[in-house]
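# Analysis of the macromolecular model
This is what each chain is made of:
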Amino acid sequence: MDFTVALAQIKPKLGCVADNCLMVRQAVERGIDEKADLVVFPELALTGYFLKDLVPDVALRLDAPEINALRELSRHISIAVGLVEASADYRFFNTSLYLEGGEVRHVHRKVYLPTYGLFDEQRYLARGEHFRAFDSRFGRMGLLICEDMWHLSAPYILAMDGATTVICLSSSPGRGLTEDDSLGSTIAWQKLTSATAMFFNCRVLYCNRVGYEDGVNFWGGSEVVAPSGAVTSRARMLEEDFLVAGVDEGALRRERIFSPMMRDERLSITLNELRRIERERGR
C-alpha cells in the first residue's frame, strides 16, 4: 500500500529523558496533524547518544509510563523510536521500537556496537542477537540501528526474511571533510542507503539526528530512498527538520519486476558456503 512517512530529525538533549519524551510526543502529534501514517525518530531519541555512565539512569523498561504513552499515540500513527532499554536481568541495550495500533509490534536491539574512533558503545551496552523482519500495516519491515547497516549481512537477512522496507535509526556524527568541503560521513551514508535499497529491492527510511554533544556535531540529512536507489526526499543538513514524504507501492512493484534480484537470490547456496567457511575457519 502507499503510505506517508514523517522523518523527525530532532536534536535530543543528553540524559534528559523527560524533555526528550515531550519532544517526541510533540513530533508524533505533528505527524498526526500532517496526516502521516508513520513517524520515524533517530537512534536514542529519548536519551541522547554519548551517555557513558548515564546509561543506567536513562534506561527504560518496555512497560515504563513513557513507553505506554507512545503506545497510546500509536493508535493514531505508527512510530519507530530509539531508546536505552533496561532488561529484566539488568542489562542495557541500544534499542529501537516499532509501535502500532497501541502495541509494541517489534523490538530491535542493536547488534553491532561500534567501539572505535569516537565510539565506545560496547563498554556500556549489551549486544543484540537477532535481525528479524516483522509485519506492519504497510507490509513487511525491518529495523536497523546505525552501525548495523554497515554490516551488509544485516539488511540481507531482513530482505531474505521478506522485508520490503528497511528503517534505519541513526546518530551519525559529521566526520572527514572532503576536497569540496563535504562531510565524508555524509557521502558514505548516502552511498550506503542507495546501494542497500538498490541491491535488496527495498525502500530505505533513514532518520539521523542533529545537534552537538561533547563537541561532536550530528549532520542530519535524513532521507527516503526508493527501491531503485534514488533519493525521493531528503531533510536539511545540520538543522532540525520534519520531512513528510509519500512512499509509493508502485515503485516497489516496478523495481522488483525490472530488477528481480530478490526473486533470483539463492539462499541455499549462501547458507552452504557460509557453513563451509565456518568449518574451514574452525580447523
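Residues numbered from 1 in each chain as written. Predicted model: local features only at pLDDT ≥ 70, side-chain atom pairs only at ≥ 80, totals over all residues. Heavy atoms only, no water.

### Notes on helix 4 (residues 153–160)
Where helix 4 is concerned, the buried positions are Ala154, Pro155, Tyr156, Leu158 and Ala159. Tucked inside the fold, the buried residues of helix 4 contact strand 7 (139–145), strand 8 (165–170), helix 5 (184–199), helix 7 (261–264) and helix 8 (267–281). Where helix 4 ends, the next residue or the one after it, glycine 162, has phi of about 100°, a positive value. (Buried < 20%, exposed > 50% of the residue type's maximum accessible area, 1.4 Å probe, protein only. Helix = DSSP H or I, 4+ residues; strand = E, 2+ residues; numbered from the N terminus. Contact = heavy atoms within 4.5 Å.)

### A look at the nonpolar core
Core analysis: the biggest nonpolar cluster contains 40 residues, and Val24, Val39, Phe41, Ile79 and Val81 have the highest contact counts within it. Mapped onto this core, the elements with two or more residues apiece are strand 1 (3–9), helix 1 (17–33), helix 2 (55–58), helix 3 (65–73), strand 3 (78–86), strand 4 (92–100) and strand 11 (216–219). A per-element tally of this core places helix 1 first, with six residues. In this view, isoleucine 79 contacts Val28, Leu38, Val39, Phe41, Leu70, Leu73, Ser74, Leu97, Tyr98 and Leu99; residues no more than four positions away in its chain are not counted. Counting residues in each nonpolar core, the second largest holds 24 residues, with Ile145, Leu158, Ala197 and Cys202 among its members. (Core = buried A, V, L, I, M, F, W, Y, C linked by side-chain atoms within 4.5 Å.)

### Observations regarding the pattern of salt bridges
Tallying each qualifying case throughout the model produces 23 salt bridges. Arginine 203 is the salt-bridge partner of glutamate 249, the closest N and O atoms lying 3.3 Å from each other. With glutamate 249 in helix 6 (residues 249–258) and arginine 203 in strand 9 (residues 203–208), the pair connects residues that are 46 residues apart, well separated along the chain. One salt bridge in this structure joins aspartate 248 and arginine 254, with 3.5 Å as the shortest N-O distance. (Salt bridge = Lys/Arg side-chain N within 4 Å of Asp/Glu carboxyl O.)

### Some points on the environment of serine 171
Topologically, serine 171 is positioned in the loop between strand 8 and helix 5. A sequence separation of 121 residues divides serine 171 from phenylalanine 50, and the C-alpha atoms of the two residues are 9.9 Å apart. Residues within four places of serine 171 in sequence aside, it is in contact with Glu43, Tyr49, Cys146, Asn208, Arg209 and Phe218.

### Some thoughts on unusual backbone geometry
Although it is not a glycine, tyrosine 90 sits at a positive phi angle of roughly 65°. Secondary-structure assignment places tyrosine 90 in the loop between strand 3 and strand 4. Its relative accessible area of 71% is what places tyrosine 90 among the exposed residues.

### Overview of the side chain of threonine 186
Tracing the sequence through the fold places threonine 186 in helix 5. Beyond its immediate chain neighbours, meaning those up to four positions away, threonine 186 contacts Trp219 and Met237.

### A closer look at the sheet that holds strand 7
To summarise the sheet geometry, strands pair through backbone hydrogen bonds and adopt either a parallel or an antiparallel arrangement. A sheet is described by the order of its strands in space; here six strands give the open sequence 6-7-8-9-12-13, paired in mixed fashion. Looking at which strands have only one partner, the edges of the open sheet turn out to be strand 6 (134–136) and strand 13 (231–234). When the angles between neighbouring strand axes are averaged without regard to direction, this sheet yields 25°. Judged from the three bridges that link them, strand 6 and strand 7 form a sheet pairing that is antiparallel. Bridge pairing links serine 136 to glycine 139 in strand 7. (Pairing = 2+ DSSP bridges. Axes fitted to C-alpha atoms, helices over the stretch in contact; angles between N-to-C directions.)

### Quick notes on the pairing of strand 3
Burial analysis of strand 3 places nine of its nine residues in the buried class, the great majority of the element. Burial along strand 3 is two-sided: Ser78, Ala80, Gly82, Val84 and Ala86 facing one way and Ile79, Val81, Leu83 and Glu85 facing the other are all buried. Note: strand 2 (residues 38–40) against strand 3, three bridges, orientation parallel. Paired with valine 40 across the strands is alanine 80, a residue of strand 3. Looking at chain direction, strand 3 and strand 4 are connected through eight bridges and run antiparallel. Looking at strand 4, one finds that isoleucine 79 is bridged to leucine 99.

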